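Structure assessment
Below are the chains, spelled out letter by letter.
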Amino acid sequence: MLNFKDADQSLWQHTAIKLPKPEKLTGAIKADVTVIGAGFTGLRTALELAQKGVNVIVLDSHEPGWGASGRSGGQVNPLAHAQPNEIIDQLGDVFGPRMLENYIHSADEVFDLIDKHDLQCDSVRKGWLRGAHCKSAKSELEKMAKNWSEAGLGIDSIEGEQLHKLTGSTAYSFATLVKSGGSLHPLSYTRELARVAMEKGAKIYSDSKVSNINRKGDNWQLTTDTATIESEWVVFCTNGYTDDTLKGLKQTVIPLISVQGATRELTDEEYAQVLPEGHTISDTRRVIYYGRRDNRNRILFGSLGSSELCEGSDRDRIHNAFKTVFPQFKPSDIEFYWGGRIAHTKDFLPHLHEPAPGILAGLGCNGRGVAMSTVMGRILS
Ligand SMILES: Cc1cc2nc3c(=O)[nH]c(=O)nc-3n(C[C@H](O)[C@H](O)[C@H](O)COP(=O)(O)OP(=O)(O)OC[C@H]3O[C@@H](n4cnc5c(N)ncnc54)[C@H](O)[C@@H]3O)c2cc1C
């Protein structure tokens, strides 16, 4: 059962720039394109369409950023889970190279978009460290670094003392550094995308859960509890929150829960010990550990969990993970806990569907959606 409290309890809710909550849609309305879901994917889609003068509306069950986008770790991580040659083998010579290009330039795309529209979202671009948690993971990371660097994504290797200095931790003795990576405030980024999309002419509605979609002549008719919408195109951007509105879409992804915590405001001395140059960090564990600083003296640390409320064993998991990597902190140093849904796919690649003429869906960024959903929105538009 989804609960508004899930989204409300994150650190980001307390530190994000404000966006007046868009109103609920009522009555009958027509649009060229209706986007369902106001996260990174849906809002980027709407922004691009609005800039082209398309009459686009966005409907969200709750409000912009309520889903994973507003709760994310905000790490801009431009890398697939697979090796480049595996992606080419899987997608072939036309779509394979396109997928690689999109991954390679995905972080650039996010930071260029931020610059272009002057999005106020605390963006920092110092690179993404990915630590090897065991020997075999080290050789896997070395292969990734070599093959993706050859494909055009700059990845360095960092070891020993130098890595300990960059992380403030001795938990890893080998990591890759994806230089184009960085971080941002994910709820501010989402709200800024919404603000700019609206300035360009997109209309966004909150508390407008789409429950039905049916053909009406050449168009599609959508219904919410208080409105009907007629539209030539419908774009589903519902990711880990995909429901049964569009038959079969939910079954294309595996929703997983990601959970994280954020510390109290640390003293300058404590804060300076962790990721002192502003890198983000994640690791090679199957049940991943990931962390970063915000720019208000807090450290964020997360893993996978079992409930969006992030209680009980989910908190224990965060404490254990945090203690493994940064043993200088205690569970009582963590002030905020929250979780949300990410969408995995069986092949670990993002999916773009065209299930019927006039309907598109883009989802499944496998936990690395800050960069890739931003790209997905442009492609969908
Ligand atoms: C705790 C956490 C940490 C994460 N950390 C990172 C990270 O550091 N780096 C990274 O790259 N990725 C991270 N991710 C993943 C990333 O946040 C997602 O990939 C990305 O936000 C997906 O964006 P989206 O717009 O596709 O979906 P979402 O932001 O989930 O938006 C989907 C929206 O669809 C709406 N919706 C669903 N059904 C309907 C309906 N029927 N009618 C109307 N609206 C509907 C929902 O209300 C929701 O707002 C994290 C995710 C979580 C949960």
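Residues numbered from 1 in each chain as written. Predicted model: local features only at pLDDT ≥ 70, side-chain atom pairs only at ≥ 80, totals over all residues. Heavy atoms only, no water.

1. So, the overall build of the chain
Along its length, the chain carries 12 helices and 18 strands. The C-alpha radius of gyration computed for the chain amounts to 20 Å, which stays within 12% of the reference 21 Å derived for 381 residues, consistent with globular compactness. Expressed along its principal axes, the backbone C-alpha trace of the chain runs to roughly 65 × 45 × 35 Å. Burial status across the chain gives 57% buried among its 381 residues. A sequence separation of at least 24 residues applies to 74% of the contacts in the chain between residues at least 6 apart. Here the chain has roughly 16000 Å² of accessible surface; of this, 50% comes from carbon and sulfur atoms. For the chain, the distance from the average position of its 43 positive side-chain charges to the average position of its 47 negative side-chain charges is 2 Å. (Helix = DSSP H or I, 4+ residues; strand = E, 2+ residues; numbered from the N terminus. Rg over C-alpha atoms; globule rule 2.2 N^0.38 Å. Buried < 20%, exposed > 50% of the residue type's maximum accessible area, 1.4 Å probe, protein only. Contact = heavy atoms within 4.5 Å. Areas by Shrake-Rupley, 256 points an atom, 1.4 Å probe, with all protein chains shown as cover. Lys, Arg positive; Asp, Glu negative; His and termini not counted. Charge placed at Lys NZ, Arg CZ, Asp CG, Glu CD.)

2. Here's the deal with the pattern of salt bridges
Summed over all chains, the structure comprises 24 salt bridges. One salt bridge connects E142 with K138, and the closest N-O pair in it is separated by 3.7 Å. Of this pair, E142 and K138 both sit in helix α7 (residues 135–151), separated by 4 residues, roughly a single helical turn. We note a salt bridge from E199 to R195, for which the minimum N-O separation is 2.8 Å. Pair noted here: E199 and R195 are both in helix α9 (residues 186–199), with a separation of 4 residues, about one helical turn. (Salt bridge = Lys/Arg side-chain N within 4 Å of Asp/Glu carboxyl O.)

3. Regarding the layout of surface pockets
Its boundaries defined by the atoms lining it, the second largest pocket holds a volume of some 410 Å³. F95, M99, P350, L352 and I379 are, among the 14 residues lining the second largest pocket, the residues nearest its centre. At the level of elements, α5 (84–104), β17 (351–356) and α12 (369–380) are the ones that each hand at least two residues to the lining of the second largest pocket. Sorting elements by how many residues they give to the lining of the second largest pocket places α5 first, with 5 residues. (1 Å grid on protein atoms, 1.4 Å probe; cavity = no way out; pocket = protein on both sides within 12 Å on 5 of 7 lines; lining within 4 Å. Points joined across faces, edges and corners; volume = space filled by probe spheres on them.)

4. Some words on the site of the ligand
Surrounding the ligand, one finds 38 residues, the nearest of these being T41, D60, S69, G73 and Q75. G367 is positioned with one of its backbone polar atoms (N or O) 3.1 Å from a nitrogen atom of the ligand. Relative to its unbound accessible area of 1000 Å², the ligand is 98% covered by the protein chains. Contributions of two or more residues to the shell around the ligand are made by α3 (40–51), α4 (68–71), β12 (254–263), β16 (334–344) and α12. (Near = heavy atom within 4 Å. Polar contact = N/O pair within 3.5 Å; in protein donor to acceptor, adjacent residues only side chain to side chain.)

5. Section: the sheet that holds β12
In space, the 8 strands of this open sheet follow the order β5-β6-β4-β13-β14-β15-β12-β16, with mixed pairing throughout. Either end of the sheet is taken by a strand with one partner, and the two such strands are β5 (155–159) and β16. Between one strand axis and the next, the sheet turns by 20 degrees as a mean value, whatever way the strands run. Bridge analysis of strand β4 (residues 128–131) against strand β6 (residues 174–178) gives 4 bridges, and the strand direction is antiparallel. Across the sheet, R130 pairs through a bridge with T176, a residue of β6. Those strands touched by helix α11 (residues 312–325) are β12, β15 (299–305) and β16, and its axis lies near 125 degrees from that of β15. (Pairing = 2+ DSSP bridges. Axes fitted to C-alpha atoms, helices over the stretch in contact; angles between N-to-C directions.)

6. Some remarks on the environment of G261
The topology assignment puts G261 in strand β12. Using a relative accessible area of 2% as the deciding quantity, one classes G261 as buried. For G261, the residues in contact, after removing those within four places along its chain, are I299, L300, F301, I318, I334, F336, Y337 and W338.

7. Topic: the packing of α5 against α12
Look at α5 against α12: their axes get within 9 Å of each other, and the N-to-C directions meet at 125 degrees. As summarised for this structure, α5 and α12 are arranged oblique, according to the angle between their axes. For α5 against α12, the interelement crossing comes out right-handed. Across the interface between the two elements, M99, N102 and Y103 of α5 pack against M372, V375, R378 and I379 of α12. (Parallel < 35°, antiparallel > 145°, perpendicular 65-115°, else oblique. Left-handed = near helix turned anticlockwise from the far one by under 90°.)

8. Quick word on the state of the cysteines
Per the counting criterion, the structure on display carries 0 disulfides. With no disulfide of its own, C365 has C237 as its nearest cysteine by sulfur position, at a separation of 10 Å. (Disulfide = S-S within 2.5 Å.)

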